[in-house]
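Secondary and tertiary structure notes
Now for the letters of each chain:
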Amino acid sequence: MTGTMAARAARTNRLRQTYTLLGLGVFFILAALILRLNSYEYPLGVFLLGIGLLIGAFLYPPRLMIAGWMVTPLGLAVFLTFKRLIPGSHVLAFYILAIGVGLLAIALVGRGGYVGKGAISPALLVLAVGIVELLLARGLTTSGFIPFMLSLWLPGIGLIVVGLIYLLTDGR
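Read on for an overview of the structure. (Residues numbered from 1 in each chain as written. Predicted model: local features only at pLDDT ≥ 70, side-chain atom pairs only at ≥ 80, totals over all residues. Heavy atoms only, no water.)

**Focus on the packing of aromatic side chains**
According to the stated counting rule, one finds three aromatic pairs in the structure shown. Pairing Tyr 40 with Phe 82 gives two aromatic rings, centres 6.3 Å apart and planes at 50 degrees, and the pair type is tilted. In this pair, Tyr 40 is assigned in the loop between α1 (2-35) and α2 (45-59) and Phe 82 in helix α3 (residues 65-82), connecting sequence segments 42 residues apart. Given the relative accessible area of 41%, Tyr 40 is considered partly exposed. The class for Phe 82 is partly exposed, based on a relative accessible area of 25%. Sitting over the face of the ring of Tyr 166, Arg 63 holds its NZ or CZ atom 3.7 Å from the ring centroid. One residue, Lys 83, lies across the ring of Tyr 42, its end atom 5.6 Å from the ring centre. (Phe/Tyr/Trp six-rings, centres within 6.5 Å; stacked < 30°, edge-to-face > 60°. Helix = DSSP H or I, 4+ residues; strand = E, 2+ residues; numbered from the N terminus. Buried < 20%, exposed > 50% of the residue type's maximum accessible area, 1.4 Å probe, protein only. Lys NZ or Arg CZ within 6 Å of the ring centre and 35° of its normal.)

Take it as geometry only, folks, not as evidence of what the structure does.
Here you go:
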């Protein structure tokens, strides 16, 4: 009987996480439509995506802890960079520090049992960031890529996509 109750509680938490992600995504899309913020003046996209992922992770810790803890510090570094609070010569150092903070947080939640042994997600996220940075450095992205990444559209679309994936996989 306890196994059944635990399974129901886990399913409820997974669904709560899914609907929260979808709700946050809709909120950010509505905010993007209504506020129409200049993404260079308010470069919040990556940071708010990370915050949204962390909110979802705290609702059901076995999912999204890695993504949330990797994206949030990187989003803060991106925010500080585009607000020109970090000098251009220090950007790489701050990105490396952000990745280090994310990996440290992942190691700490791993001790709590929320991240399994041999998780490859941190490596995949770091590779994705490296590929994006390489494409940016080589000028291989479209002109709207950076404004999109900095805008409220990124957390809106990103959280809705993650929420829909979890909803379509029945909250597994």
